[in-house]
Amino acid sequence: MEELQEFSEKEESHFDLKAEIYKYLAHWKWLVFGCALGLFVAYLYNRYTIPEYATEASMMMLGDDENSVVGAMPSGGASILAFGENSLENQIVTLQSKRLVEGVIDQLNLNIAYFLEGKVITVEAYENSPINIDFLSLQELVHRSTLNFTVVPQSNESFLLVQEEKEFSENYKFGQVINYGGLEFIISSRKEIKNSVPVNVKIWPIDEVARRYIEKMTVAPEGRAKDILSLSIVGEVPEKSQDFLNTLMIHFNADGVADKRQVAESTTEFIQNRLQLITEELDSVEGGIADFKRENRLMDVGSTASQYMSRATTAEQGIFELETQLMILEGVKQTLSSADPYQLLPEGVGIEGGGLGGSIGSYNQLVQQRQAYLQSGTEKNPVVETIDQQLSSLRKNLLSNIEQTESSINIRLRELNQLEEKAEGQFSTFPGLEKGIRSIERQQQIKEELYLFLLQRREESAISFAATSPVAKVIDPAFTLDEPIDPKPWLILTGGGVVGFLIPLLVIFGINFLDTKVHHKGDLQPLIKNIPFLGEIPKIGKEDFEVIKLNDRSSLAESFRILRTNLAYLVQSRNKEKAEVIFVTSTIKGEGKTFVSFNLARTLASTGKKILLIGGDVRNPRLHKFVEGTLETKGLSDFLYDREIRAEDIIKSVNQDNIPVDVVFSGSIPPNPAELLMNDRMETFITSQKANYDFIIVDTAPTMIVTDTLLISPLADTTIYVVRAGYTEKKLLEFPKDLKQQGKLNGVAIVLNDVDYSKFSYGAKYGYSYGYGYGYAADEDKKGFFNFIKKPFNRN
């Protein structure tokens, strides 16, 4: 018998997918209800959520060569406006700057919103508002204010101003000056008021509104050349978003034009100052020539000395050009060293060499960036301080480059002067007057050339200022997409249905996860790897009988027949001349061992076997609930205590429904049950009855609560260990396993009682309903799986 009980452990998966699925299908009503509720909530969300739309626009950045009129001049006048192309990243930062956005909000009054109160939701009216508010207070005060009040029109002439938080309510006329919240304003009617729909007016500080718009706005480059910017913003009112983007692009262009004109103005101012200085110097030189000729009584010295000066012409021309460069450098140097360290420097005034033109362009670009940041911040701004450091460093580099360039020019001047002196040495006999007049005339020529050069540059700068074109070209004005981006109705409905379905699903999963009870055979796998499993007893309905009858075709009767068959395989190798002693026990009270004992005895007796059923649980007798008898009926405890009582005195013949079973009741409840079971009368009784019966079934006490069963366990040939589904804790399964390993119970086999097949897989349920109801419930069960699926939906 022990060999039949030893099973080798195998690593295998006992996961039954179908059983797991039907755990949840058993609660299909909750799943359907959750899904329907989720769909209903999603519908309400779609119905009463104000949709948000995406508004987009695009514009192309124009380079200086594309938008400068002066850039087409052959003289190279474009250099005056070539203050350096800002990178696309700088343009994006400018578009999203607080200063620019605040200007747009101030122009469009976007810090003032009008909301119409509906039955469920409140929507913004924007251009459809029946009223309009005009402020009389200072704009700076309005821009810092926060107000929230409700206007309830009473007629076409008057309205009620309400502020619930301050419990303020007062009647006014349209057009009347109102002093409220420290502000003066007038509320006027835009159109004829036909009903008294309340209008909620909200006023926010302009910097707060600008911050919200900057957060919602997206600016990104597009196109292969990366010279196109795409602007987009999400809002509830498409017209409001379109106005914002269109006005923002206008302000951006105006801001860029203003920057270009600022450079042109600075250049013109510099040239004008230099012209005034050169005019004075030229007048002085011309006066010196007149005085020299008058004092020396000379009329035309040049014609006399022309033949001597032909060789010095080249040297003089070079000296002229170099001295012109020195004067221009001196003028730039004076500007850099002036009291205002952040002036814009002139560009394109003829400076050559040393990379000074590019450095001056970079210097002007940094000055412009500094001025832009100072418009929305202070000199303590970390960005401004960084630009100041860069300007200081660049200023030092410019001064150093100018000094180096001047040094280089001076060296070349000395060389040319030497060449000139060599040429003039050939006419040493020429009067000293010739040399003096030449020096004065050369100064006059330099001043005249510089004067004409500056006049030309001044005209180019004036043309540039007057003809400055936009920095960007609008490709697509603002437009709004037809489909809202939030909410997306089908996505919300799908999500609501899924979430509604998942919530009860997760609740069911949590209940199953926290459930520590045994429910089906799969939960017994750790135990039945080593211990034989005899069968399952189905759960009995309230309308079913607990006791099987003769020729019973119920599921309960069929389950005990399977139990009888499996038990026969388990005991077939033993000596059949004596009765098989079967103990029925469990771990704790209430697992149904008496129920199993009694019905097993009747099932065996229905085959013609002689059965003796003994109530071995003398502490908590339960056998009298199935057989007519009382606790006072003499039974096992009386036999063990009183040696005068014979075995025949306690054996009662019971014949219920023509199924004869001999029964020994537990008897009176003794004060010392363990001691009674330990005496030799128990063994003597069972041994004496083996020859009279085919099976002796003993309903014993729970093994974990008391030691009674373990005291008499050596008398058993087979021990049926009852586990109750939905009642026995899984952690208690280790107890019978330990008893088996320790050899305290003989021939242990497991029976799972009270299994509710409606909670598990179709296969298990259908197996019983078909196998146990064949011929009895054929009309119901022959429909198979489809009947099982339809069954919950067809209940009345």
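About the cut-offs
Residues numbered from 1 in each chain as written. Predicted model: local features only at pLDDT ≥ 70, side-chain atom pairs only at ≥ 80, totals over all residues. Heavy atoms only, no water. Pairing = 2+ DSSP bridges. Helix = DSSP H or I, 4+ residues; strand = E, 2+ residues; numbered from the N terminus. Axes fitted to C-alpha atoms, helices over the stretch in contact; angles between N-to-C directions. Contact = heavy atoms within 4.5 Å. Phe/Tyr/Trp six-rings, centres within 6.5 Å; stacked < 30°, edge-to-face > 60°. Buried < 20%, exposed > 50% of the residue type's maximum accessible area, 1.4 Å probe, protein only. Lys NZ or Arg CZ within 6 Å of the ring centre and 35° of its normal. Core = buried A, V, L, I, M, F, W, Y, C linked by side-chain atoms within 4.5 Å. pLDDT = per-residue confidence, 0-100.

**Some words on the sheet that holds strand β12 (residues 228-235)**
Spatial ordering of the open sheet is given by β11-β12-β1-β13, a layout of four strands whose pairing is antiparallel. Taken across any chain shown, the strands that pair with only one partner, and hence form the sheet edges, are β11 (218-222) and β13 (472-480). Averaged over all pairs of adjacent strands, the angle between strand axes in this sheet comes to 20 degrees, irrespective of strand direction. Sheet topology places strand β1 (residues 53-61) next to β13; six bridges connect them, and they run antiparallel. Residue Ser 58 lies in a different strand from β13, and its bridge partner there is Asp 476. Docked against the sheet, helix α5 (residues 88-95) engages β1, β11 and β12, running at close to 30 degrees with respect to β12.

**Side note on the packing of aromatic side chains**
Within this structure, the stated rule accounts for twelve aromatic pairs. Ring geometry for Trp 30 versus Phe 33: centroids 6.2 Å apart, planes at 90 degrees, classification edge-to-face. One end of the pair, Trp 30, and the other, Phe 33, are both in helix α3 (residues 28-48), three residues apart, so they sit about a helical turn from each other. Each member of the pair, Trp 30 as well as Phe 33, carries the same accessibility label: exposed. Seen in terms of ring centroids, Phe 509 and Phe 513 are 5.9 Å apart; in terms of plane orientation they differ by 25 degrees. Their pairing is stacked. Of this pair, Phe 509 and Phe 513 both sit in helix α15 (residues 489-514), four residues apart, roughly one helical turn. Classification of Phe 509 as partly exposed rests on a relative accessible area of 44%. On the accessibility criterion, Phe 513 (61% relative accessible area) is exposed. By way of ring pairs, the aromatic residues Phe 135, Phe 149, Phe 168, Tyr 180 and Phe 185 are connected into one cluster. Lying across the ring of Phe 545, Lys 549 places its NZ or CZ 3.9 Å from the centre.

**Focus: the environment of Gln 262**
With respect to the element layout, Gln 262 can be found in helix α9 (residues 238-296). By relative accessible area, Gln 262 is classed as partly exposed at 26%. Residues Gln 262 and Leu 344, 82 residues apart in the sequence, show an inter-C-alpha distance of 8.8 Å.

**Regarding the pairing of strand β16 (residues 611-615)**
It is a general feature of regular strands that their side chains alternate between the two faces of the sheet. Counted residue by residue, β16 has five buried out of five residues, so it is predominantly covered. Of the two faces of β16, the one carrying Ile 611, Leu 613 and Gly 615 and the one carrying Leu 612 and Ile 614 are both buried. Strand direction decides the pairing type here: β16 and strand β19 (residues 695-699), joined by five bridges, are parallel. Bridging across to β19, Ile 611 finds its partner in Phe 695. The pairing of β16 with strand β18 (residues 659-664) spans three bridges and is classified as parallel. Within the sheet, the bridge partner assigned to Ile 614 lies in β18 and is Val 664.

**Details of the environment of Val 120**
Inspection of the secondary structure assignment puts Val 120 in the loop between β2 (112-117) and β3 (122-124). A residue is classified by how much of its surface remains accessible, and Val 120, at 55% relative accessible area, is exposed.

**Some thoughts on the nonpolar core**
The biggest cluster of nonpolar side chains holds 35 residues, and the ones touching the most others in it are Phe 560 and Ile 697. Excluding residues that lie within four positions of it along the chain, Ile 697 makes contacts with Ile 582, Val 584, Ser 597, Leu 600, Ala 601, Leu 604, Ile 611, Leu 612, Leu 613 and Ile 614. With 33 residues, the next largest nonpolar core counts Val 101, Tyr 126, Phe 252 and Ala 478 among its residues.

**Side note on the sheet that holds β3**
Backbone hydrogen bonds hold the strands of a sheet together, and the pairing may be parallel or antiparallel. Taken in spatial order, the six strands line up as β3-β2-β10-β5-β6-β7 in an open sheet, and their pairing is antiparallel. Because the sheet does not close on itself, it has two edges, and the strands there are β3 and β7 (168-173). Neighbour to neighbour, the strand axes of the sheet diverge by 30 degrees on average, direction disregarded. With five bridges joining them, strand β5 (residues 147-153) and strand β10 (residues 199-203) adopt antiparallel strand pairing. The residue bridging Val 151 from the neighbouring strand is Val 199, located in β10.

**Quick word on unusual backbone geometry**
Of the consecutive residues Asp 486 and Pro 487, the connecting peptide bond is found in the cis state with omega at -5 degrees. Residue position: Pro 487 is located in the loop between β13 and α15. A positive phi is found at Tyr 126, a non-glycine position, where the angle reads about 55 degrees. Note on placement: Tyr 126 falls in the loop between β3 and β4 (131-135).

**Some thoughts on the confidence of the model for the chain**
For the chain, the mean per-residue pLDDT works out to 79, and 82% of the residues sit at or above 70. Taken as a whole, residues 66-86 scores under 50 in pLDDT and shows 51 contacts with residues more than four places along the chain or in a different chain. pLDDT under 50 marks residues 761-796. Its contacts with residues more than four places away, or in other chains, come to 43 contacts.

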